[in-house]
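Breakdown of the fold
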Amino acid sequence: MIKVSATNLEAYRRYINEHITLDALIDSILRRFEPNEKMIKGTKFHEMLQSKNPEPYTEYFTKDCITAARNFMDYRSPLFEIKVRKTYETKRGLVSLTGMADQIVGNKIIEIKTTYSPIQYETYADSLQWRVYCDIFQAPEVQYNVFEFKDSLATDFKNCAFFNFFAPANNHETVNNWVSDYTDFLYLVGLENALEVQL
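For the structure given in this document, a descriptive report is provided here. Since the structure is predicted, the reported quantities are computational estimates derived from the model, not experimental observations.

1. A short note on the packing of aromatic side chains
According to the stated counting rule, one finds 24 aromatic pairs in the structure shown. Taking the centre distance of 5.4 Å and the plane angle of 70° together, the rings of Phe 45 and Phe 61 count as edge-to-face. With Phe 45 in helix α3 (residues 37–50) and Phe 61 in the loop between α3 and α4 (63–70), this residue pair connects regions lying 16 residues apart in the sequence. Overall, the relative accessible area of 0% leaves Phe 45 in the buried class. Judged by its relative accessible area of 1%, Phe 61 falls in the buried class. Ring geometry for Tyr 133 versus Phe 137: centroids 5.5 Å apart, planes at 70°, classification edge-to-face.

Set out below in structure tokens:
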């Protein structure tokens, strides 16, 4: 069975909308990339927000940054990094779609994002990720907590914003169509049997 991640599906959408190249998409699918400094910084920020003890992260972030960012979190819910898989029917057969939520609070998904450019609503509103998460987690709402850093060397965020998106009435059909189109793409470029896309 072909497996698809929410990350791959979003990368495919960005390729279709000419935001990334074909080579970049294929590298993403086949995991042919090394994390850069910005990605590493974002991972550390995630870990700090999800940690019971943020003290070790003062090597990367100021105490004011840590306190301010953690004040936006709801630690009554310790459900972090929750992975879910859902199966979709396509003309190529069954396809497994997976996603991992940064946090679940009640019936709402919380996603933590770091960015190094000015925060733009459209970046998140246009994303397939929240639509996928609404469907596979059966969640009515996804909230993005977005933190803007000047650069990968910055030890404090300079801006933050919070965006809430709600599951549309036809969301399952929309996600299923994207999964079907992406699966056709895998066959078109000959990646349907790659180990990275096989369950």
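2. What to know about the pattern of salt bridges
Applying the stated rule across the entire model yields eight salt bridges. Across the salt bridge formed by Glu 10 and Arg 13, the nearest N and O atoms sit 2.8 Å from each other. Taken together, the residues Glu 10 and Arg 13, both in helix α1 (residues 6–16) and three residues apart, mark about one turn of the helix. A relative accessible area of 13% places Glu 10 in the buried class.

3. Observations regarding the packing of α1 against helix α7 (residues 171–188)
Close contact between α1 and α7 brings their axes to 10 Å; oriented N to C, the two are set at 80°. By the angle between their axes, α1 is roughly perpendicular relative to α7. In this structure, α1 contributes Asn 8, Leu 9, Tyr 12, Arg 13, Tyr 15 and Ile 16 to the contact, and α7 contributes Trp 178, Val 179, Asp 181, Tyr 182 and Phe 185. Among the residues making up the contact of α1 with α7, the classes are represented as eight nonpolar, one polar and two charged.

4. What to know about the nonpolar core
Among the nonpolar cores identified, the biggest contains 42 residues, and Ile 29 and Leu 97 are the most heavily contacted of them. Each residue touching Leu 97, except ones within four places of it in the same chain, is listed here: Val 4, Ser 5, Ala 6, Leu 9, Val 84, Arg 85, Lys 86, Tyr 88, Val 132, Ile 136, Val 175 and Val 179. In terms of nonpolar packing, the next biggest core, distinct from the first, is built from 16 residues, Phe 45, Met 48, Phe 80 and Ile 112 among them.

5. What to know about helix α2 (residues 22–29)
Along α2, the positions that sit buried rather than exposed are Leu 25, Ile 26, Ser 28 and Ile 29. Along α2, the residues classed as buried sweep out an arc of 155° about the axis, all on the same side. Where α2 terminates, the next one or two residues include Arg 31, which has phi positive at roughly 55°.

6. With respect to the environment of Asn 159
Relative to the helices and strands, Asn 159 is located in strand β6 (residues 159–166). Taking C-alpha positions, Asn 159 is 9.8 Å from Thr 115, a pair spaced 44 residues apart along the chain. In this structure Asn 159 touches Ile 119, Val 146, Phe 147 and Glu 148, once residues within four positions along its chain are discounted.

7. Description of the side chain of Ser 28
With respect to the helices and strands, Ser 28 occurs in helix α2. The residues touching Ser 28, leaving out its near neighbours within four places in the chain, are Asn 8, Ala 11 and Phe 33.

8. Some remarks on the pairing of strand β3 (residues 93–105)
For β3, the tally of buried residues reaches 10 of 13 residues, placing the bulk of the element in the interior. Direction of pairing for strand β1 (residues 2–5) relative to β3: parallel, over a ladder of four bridges. Counted as the bridge partner of Ile 2 is Val 95 from β3. Turn length for the strand β2 (residues 80–90)-β3 hairpin, with the two strands adjacent in sequence and antiparallel, is two residues. Sheet topology note: the β3/strand β4 (residues 108–115) ladder contains three bridges and is antiparallel. Each residue of the ladder has a partner; that of Val 105, found in β4, is Lys 108. The antiparallel hairpin formed by β3 and β4 contains two residues in its connecting segment, where Gly 106 sits at a positive phi of about 65°.

The rules behind these values
Residues numbered from 1 in each chain as written. Predicted model: local features only at pLDDT ≥ 70, side-chain atom pairs only at ≥ 80, totals over all residues. Heavy atoms only, no water. Phe/Tyr/Trp six-rings, centres within 6.5 Å; stacked < 30°, edge-to-face > 60°. Helix = DSSP H or I, 4+ residues; strand = E, 2+ residues; numbered from the N terminus. Buried < 20%, exposed > 50% of the residue type's maximum accessible area, 1.4 Å probe, protein only. Salt bridge = Lys/Arg side-chain N within 4 Å of Asp/Glu carboxyl O. Axes fitted to C-alpha atoms, helices over the stretch in contact; angles between N-to-C directions. Parallel < 35°, antiparallel > 145°, perpendicular 65-115°, else oblique. Contact = heavy atoms within 4.5 Å. Nonpolar A, V, L, I, M, F, W, Y, C, P; charged D, E, K, R; others polar. Core = buried A, V, L, I, M, F, W, Y, C linked by side-chain atoms within 4.5 Å. Arc of directions from axis to C-beta. Pairing = 2+ DSSP bridges.

Functional significance is not addressed by these values, which are geometric in nature.
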